Amino acid sequence: MCSFDITNMYTNIPTDILQDIIHNILNKQNLDTQIINEIKIITNLIINQNYFQFNDKYWQQNTGLPMGAPTSSILSEIFLQYLEHNNIINILNKNHIQYYSRYVDDILIIYNTEKTNIQQVLNEFNNINQNIQFTIELEQNNTINYLDLTIIRKTKRFEFKIYRKPTTTSTIIHASSCHPFEHKQMSINYLLNRKNLYPISTKNKQIELNIIQQILNENGYNNHKINIKPNKTTKPNENENIQDKWATFTYIGKETKFITKLFKENKIKIAFKTKNTIKNLLKQKPPININNQYNLPGIYKLKCKDCPLTYIGQTGRTFTHRYKEHIAAIRHNKDSSAYAKHILNTGHAYNTINETMDILKIVQNKNHRNTIEKYYIQQTYKQNICLNDNNIFLNNPIFNALQIINPNPDSHLSLTPSTSNHSQY
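Computed from a prediction, not measured in an experiment: that's the story for all the values here.

Calculation rules
Residues numbered from 1 in each chain as written. Predicted model: local features only at pLDDT ≥ 70, side-chain atom pairs only at ≥ 80, totals over all residues. Heavy atoms only, no water. Helix = DSSP H or I, 4+ residues; strand = E, 2+ residues; numbered from the N terminus. Buried < 20%, exposed > 50% of the residue type's maximum accessible area, 1.4 Å probe, protein only. Pairing = 2+ DSSP bridges. Axes fitted to C-alpha atoms, helices over the stretch in contact; angles between N-to-C directions. Parallel < 35°, antiparallel > 145°, perpendicular 65-115°, else oblique. Left-handed = near helix turned anticlockwise from the far one by under 90°. Contact = heavy atoms within 4.5 Å. Nonpolar A, V, L, I, M, F, W, Y, C, P; charged D, E, K, R; others polar. Phe/Tyr/Trp six-rings, centres within 6.5 Å; stacked < 30°, edge-to-face > 60°. 1 Å grid on protein atoms, 1.4 Å probe; cavity = no way out; pocket = protein on both sides within 12 Å on 5 of 7 lines; lining within 4 Å. Points joined across faces, edges and corners; volume = space filled by probe spheres on them.

So, unusual backbone geometry
Here comes step 1: Look at Asn-142: it is not a glycine, yet its phi comes out positive at around 65°.
Here comes step 2: Relative to the elements of secondary structure, Asn-142 occurs in the loop between strand S6 (134-138) and strand S7 (143-146).
Here comes step 3: Given a relative accessible area of 35%, Asn-142 falls into the partly exposed group.
Here comes step 4: The backbone of Asn-384 sits at a positive phi, close to 60°, despite the residue not being glycine.
Here comes step 5: Residue placement: Asn-384 occurs in the loop between helix H13 (366-382) and helix H14 (397-405).
Here comes step 6: Judged by its relative accessible area of 67%, Asn-384 falls in the exposed class.

Side note on the pairing of strand S13 (residues 310-315)
Here comes step 1: Among the six residues in S13, six count as buried, and that is most of the element.
Here comes step 2: Both faces of S13 are covered, namely the face carrying Thr-310, Ile-312 and Gln-314 and the face carrying Tyr-311, Gly-313 and Thr-315.
Here comes step 3: Judged from the six bridges that link them, strand S12 (residues 298-303) and S13 form a sheet pairing that is antiparallel. The residue bridging Tyr-300 from the neighbouring strand is Gly-313, located in S13.
Here comes step 4: Where S12 hands over to S13, the hairpin turn is made up of six residues, counted between the paired strands.

Structural notes on the packing of helix H4 (residues 70-94) against helix H5 (residues 118-126)
Any two packed helices are characterised by how steeply their axes cross, that is the angle between the axes, and by the distance between the axes.
Here comes step 1: Running from amino to carboxyl end, H4 crosses H5 at an angle of 165°, the nearest separation of the two axes being 10 Å. Accordingly, the angle class assigned to the pair H4 and H5 is roughly antiparallel. At the point where H4 passes H5, the crossing takes the right-handed sense. Together, Ile-88, Ile-91, Leu-92 and Lys-94 of H4 and Val-121, Glu-124 and Phe-125 of H5 make up the contact between the two elements.
Here comes step 2: When grouped by side-chain class, the residues that make up the contact of H4 with H5 number five nonpolar, no polar and two charged.

Quick word on the sheet that holds strand S5 (residues 106-110)
Here comes step 1: Strand order in this open sheet of four strands is S4-S5-S1-S6, and the pairing throughout is antiparallel. Among the strands making up the open sheet, the edge pair consists of strand S4 (99-103) and S6. Each strand axis lies, on average, 20° off the axis of its neighbour in the sheet, ignoring direction.
Here comes step 2: In the sheet, S4 pairs with S5 via five bridges, with the strands oriented antiparallel. The residue of S5 that forms the bridge with Tyr-99 is Ile-110.
Here comes step 3: Packed onto the sheet, H4 meets strand S1 (2-6) and S4 and runs at close to 165° relative to S4.
Here comes step 4: Sheet strands in contact with H5 are S1, S4, S5 and S6, and its direction is about 160° off that of S6.

Regarding the packing of aromatic side chains
Here comes step 1: Applying the stated rule across the entire model yields seven aromatic pairs.
Here comes step 2: With a centroid separation of 6.4 Å and an interplanar angle of 55°, the aromatic rings of Phe-4 and Phe-134 are classed as tilted. With Phe-4 in strand S1 and Phe-134 in strand S6, this residue pair connects regions lying 130 residues apart in the sequence.
Here comes step 3: You can call Phe-134 buried: its relative accessible area is 6%.
Here comes step 4: Taking the centre distance of 5.7 Å and the plane angle of 85° together, the rings of Tyr-251 and Phe-272 count as edge-to-face. On the criterion of sequence distance, the pair formed by Tyr-251 in the loop between strand S10 (246-250) and helix H8 (254-264) and Phe-272 in strand S11 (residues 269-273) is long-range, its members being 21 residues apart.

Regarding the layout of surface pockets
Here comes step 1: The space that makes up the second largest pocket amounts to roughly 320 Å³.
Here comes step 2: Surrounding the second largest pocket, 15 residues form its lining, Arg-164, Thr-168, Tyr-190, Leu-191 and Arg-194 being those nearest its centre.
Here comes step 3: Of the residues forming the lining of the second largest pocket, the biggest block, four residues, is contributed by helix H6 (residues 181-197).
Here comes step 4: Of the residues belonging to the lining of the second largest pocket, the class tally is six nonpolar, five polar and four charged.

With respect to the sheet that holds S13
Here comes step 1: Sheet architecture is open: three strands sit in the order S13-S12-S14, paired in antiparallel fashion. Either end of the sheet is taken by a strand with one partner, and the two such strands are S13 and strand S14 (357-362). Adjacent strand axes in the sheet meet at a mean angle of 25° when their direction is disregarded.
Here comes step 2: Most of the contacts of H13 go to S13, to which it runs at about 180°, and overall it touches S12, S13 and S14.

Things to note about the environment of Phe-52
Here comes step 1: Structurally, Phe-52 can be placed in strand S2 (residues 51-54).
Here comes step 2: On the basis of relative accessibility, which here comes to 39%, the residue Phe-52 falls in the partly exposed class.
Here comes step 3: For the pair Phe-52 and Pro-66, spaced 14 residues apart in sequence, the C-alpha separation works out to 8.8 Å.
Here comes step 4: Every residue in contact with Phe-52, bar those within four places of it in the chain, is listed here: Lys-57, Tyr-58, Trp-59, Gln-60 and Gln-61.

Quick word on the packing of helix H2 (residues 15-28) against helix H3 (residues 33-48)
Here comes step 1: Close contact between H2 and H3 brings their axes to 10 Å; oriented N to C, the two are set at 165°. In terms of their interaxial angle, H2 and H3 are classed as roughly antiparallel. As for the relative orientation of H2 and H3, their crossing is right-handed in sense. When H2 is examined against H3, the residues Thr-15, Leu-18, Gln-19, Ile-22, His-23, Leu-26 and Asn-27 are found in contact with a partner set consisting of Ile-36, Ile-39, Lys-40, Thr-43, Asn-44, Ile-47 and Asn-48.
Here comes step 2: Of the residues that constitute the contact of H2 with H3, the class distribution is six nonpolar, seven polar and one charged.

Nothing here speaks to function; it is geometry throughout.
In structure tokens:
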């Protein structure tokens, strides 16, 4: 046994040859000429318009496919399958290879040493294309590691064990982490499914189970109710409506679980996402200058100087600009806002921007502002201090649920709609 690995696969894919391959595939299909030309144009754009940012500078990648791009895995697979169908198959047959399997850039080969010179096979692989070079790893003591398996060659059979690289850690989602229970269970199910689905012996299954138990203990699951047995898969009912409705929520704790019950009662399935990811934790965000916050957009509250009534509003420009618009309406005797109307009708006074306007939340996203504004309007209405004219947002069951759990509005405001097309909160 041996394994081949492609050196720096993505960045070494010859894009000029790749485009020719895609064009040939398209020309063999019974497609409209316009569709073929459009696909060619899109492919050319994807392959050649490769820009990335490094050290606050923008760079263009001149060769290969970009690492991390969603299209790179598809395009590289097209190229490698072309090599397999036109070059590699001939090499395998010529050298009497008994078994060949590839996953992305990792290849497992089984051969008879009496019939096959594996170094010759490697040389022929490397001669296919000068950009695509392969390295080899030979079995040691009848054993080789391939992907997450250790394969042991016996006299008349193969034996398997779960393989972990020396750099592998036991870190999974910690029991104390602010993640939904379902995410924690699935991270454990991944480990359990490998143990149960891979063709490993009873002895090796027990060894793996002991390792999983140790991983759970190291991640705080000693006293937590985690299902150590993966759920049994059930076949879908053919009579069930496959057009399920889904809503995605950003998980922030018990508040999220509480309000999602409202959706489950209406047969809407719930999925969770989290913001405490490594990507978000490492992302550098410019600090907000407290002294400059009136030059930002978001949700604000205007207070009357002579009574407790307040007005809730939002702006996508700056708080200063919106404040001046309210004051200009008062000075020109225009009741264009509920706040201006209140001041003009009662003769009450207003104050400077620092005394009159409270910034409730700095929000850039328009959809988020709409939801948060409705939330604050409902809260002020319940306190009988609301000046807003439009009360159609009252008695929102989600807002009511949040208030039951925690009356502090600021602790809920990450539960706001996403800008994506499907339902997200």
